[in-house]
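What follows is each chain in one-letter form.
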Amino acid sequence: NAGVMQNPRHLVRRRGQEARLRCSPMKGHSHVYWYRQLPEEGLKFMVYLQKENIIDESGMPKERFSAEFPKEGPSILRIQQVVRGDSAAYFCASSPPSQEAFFGQGTRLTVV
Amino acid sequence: AQSVTQLGSHVSVSEGALVLLRCNYSSSVPPYLFWYVQYPNQGLQLLLKYTSAATLVKGINGFEAEFKKSETSFHLTKPSAHMSDAAEYFCAVSRFTGTASKLTFGTGTRLQVTL
């Protein structure tokens, strides 16, 4: 059983471009969470999704950020019109209901 | 609201010495507490978790943590440090049993192990 897979591992975008981060949860996991880690900081919760539903997006910036977890395929975190302040490591975690989550290795986004 | 405070952003110990990483929490409801380790350019790995069972929790790699409600603490310890323990350690709190839903993380403690 493969772990939580995130791709790409590293992503470089110019200011104003779009960034798409993908997360494939572990087999059998129906819950996906996205966290952001800014340099020298801890992880901050962004959004919690189940298949086709956003359960809690209280940590998502109101503009430019969106997330989805379709019935088929990976979860996608999308950042439109990236700015330098979006440079961070973005981690995905997945879990079955009411059990601990497992983290992926993260996508490191650099905005130049 | 829940929060976690990790005292000491950097801790350095000698190989073989005791490791003590401090974590204090604030929670309006009985908390579930976690320690994670992050190696460079890697994701987070769960070391151990407290979910209201035994107050002394044993984890992987020889680590353990004790939940002390009176002190609102959940400090991480290991009797004898190994070079491979050098990493960043995060304490986290959640309201939900075992899920990562809205884990609130501390800012992390970077552990350095010297010869």
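It should be noted that the structure appears before, not after, this text.
Residues numbered from 1 in each chain as written. Chains lettered and ligands numbered in written order. Predicted model: local features only at pLDDT ≥ 70, side-chain atom pairs only at ≥ 80, totals over all residues. Heavy atoms only, no water.

### Here's the deal with the overall build of chain B
Thinking step 1. For chain B, the count of helices and strands is zero helices and 12 strands.
Thinking step 2. For chain B, the succession of helices and strands along the chain, N to C, is β-β-β-β-β-β-β-β-β-β-β-β.
Thinking step 3. Taking 13 Å as the expected radius of gyration for a compact globule of 115 residues, we find that chain B reaches 13 Å, a close match to that expectation.
Thinking step 4. By its C-alpha atoms, chain B is 40 × 30 × 20 Å across when sized along the principal axes. (Helix = DSSP H or I, 4+ residues; strand = E, 2+ residues; numbered from the N terminus. Rg over C-alpha atoms; globule rule 2.2 N^0.38 Å.)

### Structural notes on unusual backbone geometry
Thinking step 1. Asn7 of chain A connects to Pro8 of chain A through a cis peptide bond whose omega is -5 degrees.
Thinking step 2. Mapped onto the elements, Pro8 of chain A comes out in the loop between β1 (5-7) and β2 (10-13).

### Quick word on the sheet that holds strand β8 (residues 75-79) of chain A
Residue and element names in this part refer to chain A.
Thinking step 1. What the four strands build is an open sheet, ordered β1-β3-β8-β7; its pairing is antiparallel. A strand with exactly one partner marks an edge of an open sheet, and here the two such strands are β1 and β7 (65-68). Across this sheet, the average inter-strand angle for adjacent strands is 15 degrees, counted without regard to direction.
Thinking step 2. Note: β1 against strand β3 (residues 19-24), three bridges, orientation antiparallel. Each residue of the ladder has a partner; that of Asn7, found in β3, is Arg22. (Pairing = 2+ DSSP bridges. Axes fitted to C-alpha atoms, helices over the stretch in contact; angles between N-to-C directions.)

### Details of the packing of aromatic side chains
Thinking step 1. As enumerated under the stated definition, the model contains 13 aromatic pairs over all chains in all.
Thinking step 2. Here the aromatic rings of Tyr33 of chain A and Tyr48 of chain A are separated by 4.7 Å at their centres, their planes lie at 15 degrees, and the arrangement is stacked. Remark: Tyr48 of chain A occurs in strand β5 (residues 43-50) and Tyr33 of chain A occurs in strand β4 (residues 31-37); sequence separation between them is 15 residues.
Thinking step 3. A relative accessible area of 10% means that Tyr48 of chain A is categorised as buried.
Thinking step 4. A ring pair is formed by Tyr50 of chain B and Phe74 of chain B, whose centres lie 6.3 Å apart and whose planes are at 50 degrees; its orientation type is tilted. You can see Tyr50 of chain B sitting in strand β6 (residues 44-50) and its partner Phe74 of chain B sitting in strand β9 (residues 73-78), a full 24 residues away along the chain.
Thinking step 5. For Tyr50 of chain B, a relative accessible area of 7% corresponds to the buried category.
Thinking step 6. Here the aromatic cluster, defined as three or more aromatic residues joined through ring pairs, consists of Tyr35, Phe45 and Phe103 of chain A together with Phe34, Tyr36, Phe90 and Phe105 of chain B. (Phe/Tyr/Trp six-rings, centres within 6.5 Å; stacked < 30°, edge-to-face > 60°. Buried < 20%, exposed > 50% of the residue type's maximum accessible area, 1.4 Å probe, protein only.)

### Some remarks on the nonpolar core
Thinking step 1. Trp35, Leu47, Leu48, Phe74, Leu76 and Tyr89 of chain B are the most contacted members of the largest nonpolar core, which totals 25 residues.
Thinking step 2. When residues of this core are traced back to their parent elements, those giving at least two are β3 (19-21), β5 (32-38), β6, β8 (64-68), β9, β10 (87-94) and β12 (109-114) of chain B.
Thinking step 3. When sequence neighbours within four positions are dropped, the list of residues in contact with Tyr89 of chain B reads Gln6, Leu21, Trp35, Tyr36, Val37, Leu47, Phe63, Leu76, Gly108, Thr109 and Leu111 of chain B.
Thinking step 4. In terms of nonpolar packing, the next biggest core, distinct from the first, is built from 23 residues, Trp34, Phe65, Tyr90 and Leu109 of chain A among them. (Core = buried A, V, L, I, M, F, W, Y, C linked by side-chain atoms within 4.5 Å. Contact = heavy atoms within 4.5 Å.)

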